[in-house]
Amino acid sequence: MISAEAALVGCRFAFYLGALFLWGAASVCLLVPGDLQARLWHSLRGPVDVAIGLVITATLATLPVRSAAITGGWGRALDPATLQLVALQTRIGAAWRYQLGAALLLLFLAVVSRSRPQCLATSLTVALAAAFLLAAPVLSGHAALHGGWLQWVHRANDWLHMLAGGFWFGALYPVWRLLGHLEERDDRSSAVIGLINFSRAGHIAVAVIILTGISNTWLILGGWPSAAASLYQMLLWVKIALAALMVGIALLNRYRFVPMIGSDARALRCLKCYTILEITLAIGVMGLVAAFGMLSPA
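Residues numbered from 1 in each chain as written. Predicted model: local features only at pLDDT ≥ 70, side-chain atom pairs only at ≥ 80, totals over all residues. Heavy atoms only, no water.

(A) A look at a nonpolar patch on the surface. A surface patch of nonpolar side chains, amounting to about 610 Å² of accessible area, comprises Ile 210, Ile 214, Trp 218, Trp 224, Trp 237 and Ile 240. Mapped by element, the contributors of at least two residues to the nonpolar patch are helix 8 (188-221) and helix 9 (231-257). No other element matches the 3 residues that helix 8 contributes to the nonpolar patch. With respect to the helices and strands, the residue Trp 224 is situated in the loop between helix 8 and helix 9. (Patch = residues over 30% accessible without salt bridge, like charges linked within 9 Å, V, L, I, M, F, W, Y side chains within 5 Å. Areas by Shrake-Rupley, 256 points an atom, 1.4 Å probe, with all protein chains shown as cover. Salt bridge = Lys/Arg side-chain N within 4 Å of Asp/Glu carboxyl O. Helix = DSSP H or I, 4+ residues; strand = E, 2+ residues; numbered from the N terminus.)

What follows is the structure, given as structure tokens:
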């Protein structure tokens, strides 16, 4: 049987996958002008529903899995007294209650979008709800190692890191779809504006990721990860390597293939392929974060 710790990694991974996609996808749609914005958001309806499902499922599963991890086995995972104790009397439980409230808000938006599509469930409201949701992990993560004002600084830094990384990851699939609109005469100008806006915002997001990532490393470790025997630090280096590769691909796309779109038909195909590669690498990064975020930094 799978261990409670492994199941918790799975819950964390599913949560990150869903929440970060919702934040980034909804945010990037706001950068697309005109009628294309609404059509792009509508085309993401299926992936958005899947992402909300991942968030809800991961959130509901997290409490019993946490209970199993704390008690050392699955025997008391669904025990009402244990669940109540973990949910109401621990820091982990407080973070879970916050996460549950934000997840239910997202579910409410999904239901409203089916009955009144022009009312509440727009990309803006989903983006705000997802940003609210992404504050949940920082309430019980490594920021809890500190006390006082430094704990809140660390939490704010973690949140900014996730928002910047989530914007980049979540935007990639909508951007991939947006690239297809470059081949449609009526949508080309709006698609170009949307891609330019994404490029500008993406530069800011990458800068924030780097700065907050460095700050986070120093807040947790007090310096660069240098302990070869630490699994946490080893996985952190793997994450850094994957993120650096993603930055390299993004720069290649922006400064080599984008200027070639009008003159070389292969440029658009390369952009689409490398965007898919970025998505794959980003999913790998989230898997690593889900795993080493539970480990001791030492």
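(B) Expanded view of the packing of helix 1 (residues 4-29) against helix 10 (residues 265-292). Two elements in contact, helix 1 and helix 10, have axes whose closest approach is 8 Å; the angle formed by their N-to-C orientations is 135°. Classed by the angle they form, the pair helix 1 and helix 10 counts as oblique. Judged by the twist between their axes, the crossing of helix 1 over helix 10 is right-handed. Each of Val 9, Arg 12, Phe 13, Tyr 16, Leu 17 and Leu 20 in helix 1 lies in contact with helix 10, whose residues at this interface are Ile 283, Met 286, Gly 287, Val 289, Ala 290 and Ala 291. Of the residues that constitute the contact of helix 1 with helix 10, the class distribution is 10 nonpolar, 1 polar and 1 charged. (Axes fitted to C-alpha atoms, helices over the stretch in contact; angles between N-to-C directions. Parallel < 35°, antiparallel > 145°, perpendicular 65-115°, else oblique. Left-handed = near helix turned anticlockwise from the far one by under 90°. Contact = heavy atoms within 4.5 Å. Nonpolar A, V, L, I, M, F, W, Y, C, P; charged D, E, K, R; others polar.)

(C) Highlighting the packing of aromatic side chains. Under the definition given, this model contains 6 aromatic pairs. In this arrangement the basic side chain of Arg 254 is found over the ring face of Tyr 255, its NZ or CZ atom lying 5.0 Å from the centre. (Phe/Tyr/Trp six-rings, centres within 6.5 Å; stacked < 30°, edge-to-face > 60°. Lys NZ or Arg CZ within 6 Å of the ring centre and 35° of its normal.)

(D) Geometry of the state of the cysteines. Using the criterion set out here, one finds 0 disulfides in the structure. No disulfide involves Cys 273; its nearest neighbouring cysteine sulfur is the one of Cys 270, lying 6.6 Å away. (Disulfide = S-S within 2.5 Å.)

(E) The pattern of salt bridges, seen in detail. The full count for this structure, using the stated rule, is 3 salt bridges. Note that Arg 39 and Asp 187 form a salt bridge whose closest N and O atoms lie 2.6 Å from each other. Of this pair, Arg 39 sits in helix 2 (residues 34-43) while Asp 187 sits in the loop between helix 7 (148-181) and helix 8, and the two are 148 residues apart along the sequence. Residue Arg 39 is classed as partly exposed on the basis of its relative accessible area, which comes to 35%. Residue Asp 187 is classed as buried on the basis of its relative accessible area, which comes to 7%. Residue Lys 272 is joined to Glu 183 by a salt bridge in which the shortest nitrogen-to-oxygen separation is 3.6 Å. (Buried < 20%, exposed > 50% of the residue type's maximum accessible area, 1.4 Å probe, protein only.)

(F) Summary view of helix 4 (residues 80-89). All buried positions along helix 4 are accounted for by Thr 82, Leu 83, Val 86 and Ala 87. Here the buried residues of helix 4 occupy an arc of 120° about the axis, which is enough to place them on one side. What points out from helix 4, more than 90 degrees from its buried face, is the exposed set Pro 80, Ala 81, Gln 84, Leu 88 and Gln 89. (Arc of directions from axis to C-beta.)

(G) Quick look at the nonpolar core. Residues Leu 22, Trp 23, Val 55 and Leu 106 are the most contacted members of the largest nonpolar core, which totals 65 residues. In terms of residue count, the dominant contributor to this core is helix 1 (12 residues). Each residue touching Leu 106, except ones within four places of it in the same chain, is listed here: Leu 22, Ile 52, Val 55, Val 126, Ala 129, Ala 130 and Leu 133. (Core = buried A, V, L, I, M, F, W, Y, C linked by side-chain atoms within 4.5 Å.)

(H) Broad picture of the environment of Val 208. As for its placement among the helices and strands, Val 208 is situated in helix 8. Its relative accessible area of 26% is what places Val 208 among the partly exposed residues. Remark: the alpha-carbon pair of Val 208 and Met 294, spanning 86 residues in sequence, is separated by 23 Å. In this view, Val 208 contacts Leu 160, Ala 164 and Gly 213; residues no more than four positions away in its chain are not counted.

(I) Molecular detail of the side chain of Thr 212. Residue position: Thr 212 is located in helix 8. By relative accessible area, Thr 212 is classed as buried at 7%. A distance of 2.5 Å separates the side chain of Thr 212 from the backbone oxygen of Val 208, its partner in a polar contact. In contact with Thr 212, other than residues within four places in its own chain, are Asn 157, Leu 160 and His 161. (Polar contact = N/O pair within 3.5 Å; in protein donor to acceptor, adjacent residues only side chain to side chain.)

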